[in-house]
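Examining the three-dimensional arrangement
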Amino acid sequence: MGEDHHTPGFWRRYVFSIDHKVIGVQYMVTGLTFLMFGFCLIMLMRWQLAYPGEAVPVIGKIFGENNMPGGIMLPEFYNSLGAMHGTIMVFLGVVPILVGGFGNYVLPLQVGAPDMAFPKLNMMSYWVYATGGITMLVGFFVKGGAANSGWTSYPPLSNLATTGQTVWLIGMVFLITSSLLGSVNFIVTVAHLRSDGLSMFRLPFFVWAQLVTSFLLLLAFPPLEAAGVLQLMDRLAGTSFFMPSGLVVSGVPQTVAGGGSPLLWQHLFWFLAHPEVYVLILPALGIVAEIIANNTRKPPWGYRTMVYATIFLGFMSFIVWAHHMFMTGMGTKLSAFFATTTMIISIPSVVILTALLISLYQASIRFTVPMLFALAFLPMFAIGGLTGLPLGLPASDIALHDTYYVIGHFHYVVAPGTIFAIFAGVYYWYPKVTGRMMNATLGKLHFWFSFVFINIVFMPMFWVGLAGVSRRLYDQTVYAHGKAVQDLTITSSWGAWLLGLAQIFFIINFFISIRRGKKVSNNPWDATTLEWAAPSPPPHGNFATVPVVYRGPYEYSVPGQDKDFLPQHIAAEA
Amino acid sequence: MSSETLPYTVKPHPVTAMYSGKFGTWLFLASEVMLFGALFSSYVLLRVGAPAEGPGHWLSHHETHLSWKIGGFNTLVLIISSVTMVMAWASLKMGSLQKARLYLIITAVLAVLFVIIKLSLEYIPHIKDGLVPSHSNFFALYYTMTGLHALHIIGGVVVIAYFIGPGAKLYHKDPEYYTNRIECTGLYWHFVDLVWIFLFPVLYLL
Amino acid sequence: MNVRMRVIVGLVLALAVLVCFDSSAFGQAEGVDTSGMTIDGNYGYGLPPDISVHGPGIDQLIHILHWFMVLLFVGWGIFMVRCLIKYRQRAGHKAVHGSVKAKPAKFLEVGVVVFETVLLLGFSIPIWGSIKNDLPEPTDNPLRLRVLAEQFAWNFHYPGEDGKFGKTAPKFIDAAMNPAGIDPGDPNGEDDIVSGAMHIPVNRPIICDISSKDVIHSFSLPVLRIKQDAIPGMRIPTWFQATKTGTYQVACAQLCGNNHYKMLAPLVIQSAEDFAAWQVEKSAPAEDFDEDEFED
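All chains use their own residue numbering, which begins from 1 and follows the written sequence. Lettering of chains starts at A and numbering of ligands starts at 1, both following the order in which they are written. The predicted origin of the model limits local features to residues at a pLDDT of at least 70 and limits the giving and counting of side-chain atom pairs to 80 or more, whereas totals for whole chains, interfaces and linings rest on all residues.

Observations regarding the interface of chain B and chain A
On the side of chain A, 39 residues touch chain B, which itself brings 33 residues to the contact. Taken together, the elements giving at least two residues each to the side of chain B that touches chain A come down to helix 1 (20-49) and helix 5 (137-164) of chain B. When residues of the side of chain B that touches chain A are assigned to their parent elements, the largest contribution, 15 residues, is made by helix 1 of chain B. Residues are sorted three ways: Asp, Glu, Lys and Arg are charged, Ala, Val, Leu, Ile, Met, Phe, Trp, Tyr, Cys and Pro are nonpolar, and all the rest, Gly among them, are polar. Taken together, the residues that form the side of chain B that touches chain A break down as 19 nonpolar, 14 polar and no charged. This entry defines residue contacts through backbone-placed C-beta atoms, with two residues in contact when those atoms are within 7 Å. Strands are runs of DSSP state E lasting at least two residues, helices are runs of H or I lasting at least four, and both sets are numbered from the N terminus onward.

Describing the sheet that holds strand 9 (residues 246-252) of chain C
Strand pairing in a sheet relies on backbone hydrogen bonds. The paired strands run either parallel or antiparallel. Residues and elements named next belong to chain C. Overall, mixed pairing links the five strands, which are arranged 4-10-9-6-7 in an open sheet. With one partner strand each, in any of the chains shown, strand 4 (198-201) and strand 7 (226-230) form the two edges of the open sheet. Strand-to-strand twist in this sheet, taken as the mean axis angle between neighbours without regard to direction, amounts to 25°. Following DSSP output, two strands are said to pair if at least two bridges run between them. Taken together, the four bridges between strand 4 and strand 10 (residues 265-270) define a ladder with parallel strand orientation. Bridge pairing in strand 10 links P201 to Q270. Along the sheet, helix 4 (residues 272-283) makes contact with strand 4 and strand 10, crossing strand 4 at roughly 135°. Between N-to-C directions, angles cover 0 to 180 degrees, with each direction set by a line fitted to C-alpha atoms, over the stretch in contact for helices.

Quick word on the sheet that holds strand 2 (residues 153-158) of chain C
Residue and element names in this part refer to chain C. Here five strands make up an open sheet; going across it, the order is 3-2-1-5-8 and the pairing mixed. The strands lining the two open edges of the sheet, one partner per strand, are strand 3 (193-195) and strand 8 (236-241). Each adjacent strand pair in this sheet contributes to an overall mean axis angle of 25°, direction not counted. Across three bridges, the pairing between strand 2 and strand 3 is antiparallel.

Focus: the interface of chain A and chain C
At the interface, 102 residues of chain A touch 96 residues of chain C. In terms of residues, the side of chain A that touches chain C owes the most to one element, helix 11 (residues 332-358) of chain A, which gives 13 residues. Taken together, the residues of the side of chain A that touches chain C break down into 63 nonpolar, 29 polar and 10 charged.

Some words on helix 2 (residues 55-86) of chain C
Expected span of a helix: the number of residues minus one, times 1.5 Å. Given a rise of 1.5 Å per residue, 32 residues ought to cover 46 Å, and the 46 Å separating the end C-alpha atoms of helix 2 of chain C matches this to within 8%. Buried residues of helix 2 of chain C: G55, G57, I58, L61, I62, L65 and C83 of chain C, and no others. Here the buried face of helix 2 of chain C lies against helix 13 (388-392) and helix 14 (394-400) of chain A together with helix 3 (103-132) of chain C. In this scheme every C-beta is placed from the backbone, and a residue whose C-beta has 20 or more other C-beta atoms within 10 Å is buried, one with 12 or fewer is exposed, and one in between is partly exposed.

Brief notes about unusual backbone geometry
A cis geometry characterises the amide bond from P155 of chain A onward to P156 of chain A, with omega recorded as 0°. In this structure, P156 of chain A sits in the loop between helix 5 (119-138) and helix 6 (157-160). Of note, the bond from Q151 of chain C into F152 of chain C is cis; its omega dihedral lies within 30 degrees of zero at 5°. Secondary-structure assignment places F152 of chain C in the loop between strand 1 (143-150) and strand 2. Phi is positive for S153 of chain A, which is not a glycine, with a value near 45°. Mapped onto the elements of the fold, S153 of chain A is located in the loop between helix 5 and helix 6.

Remarks on the packing of helix 16 (residues 440-466) of chain A against helix 18 (residues 486-516) of chain A
Residue and element names in this part refer to chain A. Their axes nearest at 8 Å, the elements helix 16 and helix 18 cross at an angle of 160°. Considered as vectors, helix 16 and helix 18 are oriented roughly antiparallel to each other. Crossing of helix 16 over helix 18 shows left-handed handedness. Among the residues forming the contact of helix 16 with helix 18, the class breakdown is 19 nonpolar, eight polar and no charged. Angles below 35 degrees are treated as roughly parallel, those above 145 as roughly antiparallel, those between 65 and 115 as roughly perpendicular, and all remaining angles as oblique. Crossings are classed by handedness, with left-handed meaning an anticlockwise turn of the near helix from the far one by less than a right angle and right-handed meaning a clockwise turn.

Brief notes about the nonpolar core
By size, the foremost hydrophobic cluster in this structure holds 336 residues, and its most contacted members are V288, F373, F377 and A424 of chain A together with V147 of chain C. Per element, the largest residue contribution to this core is 21 residues, and it comes from helix 9 (residues 262-296) of chain A. There are two domains that each give this core at least three residues, and those are domain 1 (51-71 + 105-134) and domain 2 (139-283) of chain C. The residues contacting F377 of chain A, other than those within four sequence positions of it, are V288, G417, F420, A421 and A424 of chain A. Remark: nonpolar core denotes a set of buried Ala, Val, Leu, Ile, Met, Phe, Trp, Tyr and Cys residues whose joining runs through C-beta atoms within 7 Å. Each domain's limits were defined by an automated method or a database of domain assignments.

And the structure:
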């Protein structure tokens, strides 16, 4: 069956392509760029944190007199950088990379499909995301600067904020729409496009992780979209959804109708934002599971257990959200409910982590670059998860809520957690996408320097938080307890700048290897899952003949076989 | 990449018993339930939290100046449009594009009628009386919820217009595929109707 | 990577780590002058001093939790390192395909669940309950005051000698003269005190009703292990009892705008006599209500 049309032109092939692989690369490159940009924002902020009130050397003047007069950061600019750092990293960086990048590229290949269920919808999802991303960046150039009420945008502060907040809300509407369209695509693809013999329990864990993630995105994002609409109404139409009666701002009584509830925003926001954190971790766990299976040369321990734990985690993630709101005047019954569900949800996380750890037992471990990142992920995710415990219990949360302890906690999960998984995935699937390997020496340098410095950035934050230093402080030395731990803050800043430098190994490697990497054929890692059955890179349509699946996804070191791996699509020997 | 090489674009899948577009539509509608559900939940929270009297109190029926007769009529308009939507799909199943087109046109006209009634008999007179969104939380919610709903109606009309006009070409190329798309549009349309069935009593009667 | 390269990389890494920890060589932070006040207490890494009645319970929970966390992490870590060494790929060594009977893992799971349940039911819920539900009775002679947060200051509103708060309304608020918006026509309000510094007597239960004029703030007293969001439109009570006198700081723990970082107020814990004297001094009529006033 030949192609019945001419090869599409430049725009159809590279810009508005409906091929999931092109779209995946678009998401990946855009997402990694935003990730780097978001990281640059925090590197800038960390100067002010370490040396409050001092002009930023060399580059200080380029930010203009509105933001950094004489190179010294203004508090309003600091707050903008903070809000945008969080927003960009989560919504423009990590999720598009994990779901739009890895999910789009790898998932159809792993289920043996020629493409996603709705290729045109896929293309639209990317462009809506790109539009949302650009909208977010526009915020920096409007009067009053970008949004500066935290990525959490609590009203009334965000209601009263400058134009940048409106731009943020519009950007969020685009980003949420993109996610919703994407999640529909993923679910239908997994349900309908699996090739023959690929039953649900023969799916790679990566696919399960993406499937549950898609349900979280589908069902959790709309309340935030609703909240965004309500806040837009408050800001543009003068409504009082989030504005209580009797507000007096800077001595001026507000003339709104009143009767609104700031807590309404918090409930709607966290209803999304809690499942969102599982969106940040599940695909990462999927990537790590694939790489661990491949580099231990044995099936991971407890595949079914991990699948059930993931599904349970997905359900539970919808009923823990108010553990972000313990300090809002919550009574004992409600806080007991949410503390209990929070304790319960820690169990499937522990199960999955333990399963991956046990997978190292009686293995044959190859320390490839992807494996280094995947291995480091495990203890880093453990630290992040464990430090969630004092935060999830209301009594201990009193001392730790909205301190640097929280910042340390969630960064451990997302930074040396998810982002390391992202690096692992890039090194792992780069040969599939480009047909060439990334340089292993540069990869190892990237790993070791990143691992050391990322811990230097975030580990001190637990002590800073225990000491009582609040989040989002332009200058913590105002407080005696803050001044006492300022040296730890300086340490974190230097760690961050050196971590930034360490990424140069990765950036160079990423670009040079496109031309100079070692060429490989379709399965350089001796892996078993279906994406490695296709050529590197796969052509339009992925597989010359649709692969038939004969066994589970991780048949490594099967007794009685010559090779230590048995791909899913190879018929059994006679 | 043409959709002919993707399986289950027309044939139903053995497990889900749906073709892909239908499954996708149902999933999309689940997210819409969460969207409108969030707004209904906001209504509950704001109404329950409002003081009994004084500034910020919840408006009584008398104060809202909302006519249940107009709202009721509009409800009827939408229900009939849902019926005509089904008739359009049924006509296609029985092989008549002409009849289907007629029913689609009636559906679109009824939808536009709904919006016109809303604008001319409700929104505009209310705004003239100063009953604008910023007036009170009741009106803030009223305009936001009915406004979002109306946007969904307009979106639906655009899709239906496409299938009456340029989209109808697909019927001649692949009648079953075209029929399926009308079915999915119908699913979306019934959902939009259902949202109104909840909005009407909550805003006009309670 | 050969040995020489590894050594060089290791040295570079070690040097970089040293820079991180000794970067005071590159400049010291002076910070903002907190109006020349001396703040009591020894602060360093880790929890600040605790001078409250319910603080020890919270601190104990935090300590137990961290030991538990360290135990789990070290346990997992030892297992992981052993596996990485013992099961590294080398000649004559194959992975085992079959499933591992992981009884220790199930044991661990159950243990974790039991421990978390104990922490929840035995520690967190009772402590939280006592802070939220067991507000002091009138027979305990609590001092009641209102905390009204604003951008970017704290207003502490005391009822004065008569123990009654004057009625307040937003329309009476004047930033300089009447930050709490007390109705000038209400006789109960005549002896009310509104101060920019928080004065409380030691060894006496204090009930604070916390609210905000404008945006969400958070009333944070680290040395008393107190944190309560100040939400406009809501008045949320919290209570505590200080066990030591001294001067400390009230912090804001919720982003509230540009000067969030310097929204601090002195917390002055005094003996009963000193507190009474302060009240008399502040209650005198024709007092300037200056929200920026700090006590010495």
